[in-house]
Amino acid sequence: MTQGKLANTVGVSRQTISSIETGQFNPTAKLALLLCIALDKKFEDLFYFE
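Residues numbered from 1 in each chain as written. Predicted model: local features only at pLDDT ≥ 70, side-chain atom pairs only at ≥ 80, totals over all residues. Heavy atoms only, no water.

1. Observations regarding the overall build of the protein
In step 1: What the protein contains, in helices and strands, is four helices and zero strands.
In step 2: Secondary structure of the protein in N-to-C order comes out as α-α-α-α.
In step 3: A compact globule built from 50 residues would reach a C-alpha radius of gyration of about 10 Å, and the protein, at 10 Å, matches this within 12%.
In step 4: Principal-axis analysis of the C-alpha atoms gives the protein an extent of 25 × 25 × 20 Å.
In step 5: Split into buried and exposed, the 50 residues of the protein put 22% on the buried side.
In step 6: Accessible surface, the protein as shown: approximately 3,900 Å² in total, 53% of it carbon and sulfur.
In step 7: Taken as two groups, the 5 positive and 5 negative side-chain charges of the protein have centres that lie 10 Å from each other. (Helix = DSSP H or I, 4+ residues; strand = E, 2+ residues; numbered from the N terminus. Rg over C-alpha atoms; globule rule 2.2 N^0.38 Å. Buried < 20%, exposed > 50% of the residue type's maximum accessible area, 1.4 Å probe, protein only. Areas by Shrake-Rupley, 256 points an atom, 1.4 Å probe, with all protein chains shown as cover. Lys, Arg positive; Asp, Glu negative; His and termini not counted. Charge placed at Lys NZ, Arg CZ, Asp CG, Glu CD.)

And the structure:
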């Protein structure tokens, strides 16, 4: 899935998705949940802390 398609699916900009991927932006709990649903992934699979 492209950043643009994912952004449209969850209602944010492509730049927001890019910022999440690069660690420059931490999504809200709601956005994190929407991303998990859109990508059919568990929270632990998408977000991890080192």
